[in-house]
Amino acid sequence: MREYSEYMWHNRNVWIILIGELIVGLGLWAGIIGNLGFMQQLIPSDFHKSVLLAIGMLAGFLVGPIAGKMVDRYAKKSVLIWSSVGRIISVFFMFVAIYFESIVWMMLFLIVLQIAAAFFMPAMQAIVPIVVKDDELMTMNGWHMNVRTISRIIGTAAAGLLIVTVDLIWLYIISLIMYVLMLGCMFMLKIDEEQQQAKAKHSGSFKEVLPIFKEQPIVLMAFCLAVIPTLFLGSFNLVIINIVELQQNQSISGILYTVEGIGFMLGAFFVRKLTTYMTPTQLLFTVALVISVLDLSLGFSHISWMPIVTFAVFGFAVGCFFPSMMTIFQRQVPKSHHGRFFAFRNMFDTVLFQIVLLSTGALLDLIGLQQMGIVFGVISLTLTCFFFLYVKKSAMQVQ
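Report on the accompanying structure. Since this is a predicted model, take the numbers as computed values, not measurements.

**With respect to the pattern of salt bridges**
Scanning the model with the defined rule gives 3 salt bridges in all. Residue Glu 21 pairs with Arg 148 through a salt bridge whose shortest N-O separation is 3.4 Å. Separated by 127 residues along the polypeptide, Glu 21 in helix α2 (residues 12-42) and Arg 148 in helix α7 (residues 137-162) bring together distant segments of the chain. With relative accessibility at 8%, the residue Glu 21 sits in the buried group. Measuring nitrogen to oxygen at the nearest pair gives 2.6 Å for the salt bridge that ties Arg 340 to Asp 72. Here the residue Arg 340 occupies a position in helix α17 (residues 338-366), and Asp 72 occupies one in helix α4 (residues 64-73), the gap between them amounting to 268 residues. No difference in accessibility class separates Arg 340 from Asp 72, as the two residues are buried.

Here it is in structure tokens:
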């Protein structure tokens, strides 16, 4: 393992991708905090705010099939460059929105930004297996997600401080600078894509993704097990609000966000070592079982220390889960289909996240946090047991 890790860290493309992820994350979170501040000034209704944000996500969802085909058909570096240009252009729409105090221009900003992200994300996920060796995928995926978490922590903290000390426009100026730097990083990538492009030159329709689930049952299993951590992630903010109300303790929200972030980084760091004792598939099932128990533990959220333990362990669990899942996808899905597959996955995640968010709000109103935890726990345990039996019955080769 040491030889692979040492080789990976001498790979300039690895450093460019990780530094680029940190830079774009800082720009993204500066913009997100800026969006919240801008909407708070002009839109009094929370529902109208959510509708505006949903319009941007809908635009990204609609172009997903086109993005996936383009990632497979053209050089992934080119897709990354042009989507980075799209992010830069989007910020100028926001400058106009601030100048005229216009919601319409902000909507255009969100649409262009989400469309750019719809191209950027599958291209980045598809490029990782090209720049690192197969044995380095788990380590690279773990570090990639760790850097993303670090950018979220730094970005939200810095932007939260700036929004109360400087004019709102400065957050978008910072975003613009970060996106320009990211564009520069993408030009620095040196990738040999000739072989992959030759195979994907005649890539077909977006529907070609669907047979992969039948041909590779391990991919279907990993895809469906992703529902389990999403149940927790999609309800994350609402759950924390309810824990604060349940314990009558405002300070616990900051603690929960912190321990979850630290747990995630530790999980993503140690996941490579864990796979020396078990396969990625075995690790997925283990983590899915742990998360199911954590859902049930929300029933004890009235105990002061229990949510802290739950969120810390959850952070570690998802830090192990997502690199393992991504490694399975990158290894088992043909490289000629990576763009379309990851675009399809991003579309699925967008829809699932919204469903979980709405379901969480309804369940919290109807039955409360503790009973909702039991419902999510039962769903998660059922899915885990079903796919475990499915794997065992089909004698699926554990990867």
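**Digging into the packing of α2 against helix α8 (residues 169-188)**
Two elements in contact, α2 and α8, have axes whose closest approach is 8 Å; the angle formed by their N-to-C orientations is 160 degrees. Regarding the angle of α2 to α8, the classification is roughly antiparallel. Crossing handedness for the pair α2 and α8: left-handed. Each residue belonging to the contact of α2 with α8 can be placed in one class, and the counts come to 17 nonpolar, 6 polar and 2 charged.

**Concerning the packing of helix α12 (residues 227-234) against α17**
Taken N-terminus to C-terminus, the directions of α12 and α17 make an angle of 50 degrees; their axes are 9 Å apart at the nearest point. Between α12 and α17, the angle falls in the class oblique. Between α12 and α17 the crossing geometry is right-handed. Between α12 and α17, the contacting residues are Val 227, Thr 230, Leu 231, Leu 233 and Gly 234 on the first element and Phe 348, Leu 352, Phe 353, Val 356 and Leu 357 on the second. Among the residues making up the contact of α12 with α17, the classes are represented as 8 nonpolar, 2 polar and no charged.

**Some details on the nonpolar core**
Counting 109 residues, the largest nonpolar core has Tyr 172, Met 186, Leu 225, Phe 311 and Phe 341 as its most contacted members. Looking at this core element by element, the count peaks at 13 residues for helix α6 (residues 103-131). Residues in contact with Phe 311, not counting those within four places in the same chain, are Phe 232, Phe 236, Val 239, Ile 240, Ile 243, Leu 256, Val 259 and Glu 260.

**A short note on the packing of aromatic side chains**
Within this structure, the stated rule accounts for 20 aromatic pairs. Each ring, one from Phe 109 and one from Tyr 172, has its centre 6.0 Å from the other, and the planes form 90 degrees; the classification is edge-to-face. Taken as a pair, Phe 109 in helix α6 and Tyr 172 in helix α8 lie far apart in primary sequence, 63 residues in all. These aromatic residues form a ring-pair network of at least three members: Phe 213, Phe 223, Phe 329, Phe 341, Phe 342, Phe 344 and Phe 348.

**Looking at unusual backbone geometry**
Phi at Glu 101 is positive, roughly 50 degrees, even though this residue is not glycine. By the secondary structure assignment, Glu 101 is in the loop between α5 (76-100) and α6.

**A look at the environment of Met 325**
With respect to the helices and strands, Met 325 occurs in helix α16 (residues 306-332). Measuring from C-alpha to C-alpha, the distance between Met 325 and Ile 81 comes to 26 Å, with 244 residues separating the pair along the chain. Excluding anything up to four places from it in sequence, Met 325 contacts Ala 222, Ala 226, Leu 284 and Arg 345.

**Concerning the environment of Ser 102**
Relative to the elements of secondary structure, Ser 102 occurs in the loop between α5 and α6. A C-alpha to C-alpha distance of 9.9 Å links Ser 102 and Phe 38, two positions 64 residues apart in sequence. Excluding its chain neighbours within four sequence positions, the residues that come into contact with Ser 102 are Phe 38, Leu 42 and Ala 97.

What counts, and where the lines are drawn
Within every chain, residues take consecutive numbers counted from 1 along the sequence as written. This being a predicted model, a pLDDT of at least 70 is required before a residue's local features are given, and a value of 80 or more before pairs of side-chain atoms are given or counted; all residues contribute to the totals for chains, interfaces and linings. Hydrogens and water are ignored here; the side-chain numbers use all heavy atoms of the structure. A pair is scored as a salt bridge if a Lys or Arg side-chain nitrogen falls within 4 Å of a carboxyl oxygen belonging to Asp or Glu. Counting from the N terminus, the helices are the DSSP runs of H or I reaching at least four residues and the strands are the DSSP runs of E reaching at least two. Per-residue accessibility, obtained with a 1.4 Å probe over protein chains only, is compared with the maximum for each type, and a residue is labelled buried under 20%, exposed over 50%, and partly exposed between these values. The angle between two axes is taken between their N-to-C directions and runs from 0 to 180 degrees, where each axis is a line fitted to C-alpha atoms and a helix contributes only its stretch in contact. Throughout this description, any angle smaller than 35 degrees is read as roughly parallel, any larger than 145 degrees as roughly antiparallel, any in the 65 to 115 degree range as roughly perpendicular, and the remainder as oblique. Whether a crossing is left-handed or right-handed is set by the direction in which the near helix is turned from the far one by less than a right angle, anticlockwise for left-handed and clockwise for right-handed. Think of it as three bins: nonpolar holds Ala, Val, Leu, Ile, Met, Phe, Trp, Tyr, Cys and Pro, charged holds Asp, Glu, Lys and Arg, and polar takes everything else, Gly as well. Contacts are residue-level and defined by heavy atoms, with any inter-residue pair within 4.5 Å sufficient. Take the buried residues of types Ala, Val, Leu, Ile, Met, Phe, Trp, Tyr and Cys, join any two whose side-chain atoms come within 4.5 Å, and each joined set is a nonpolar core. Note on aromatic contacts: the rings of Phe and Tyr and the six-membered ring of Trp form a pair at centre separations within 6.5 Å, being stacked when their planes are under 30 degrees apart, edge-to-face when over 60 apart, and tilted otherwise.

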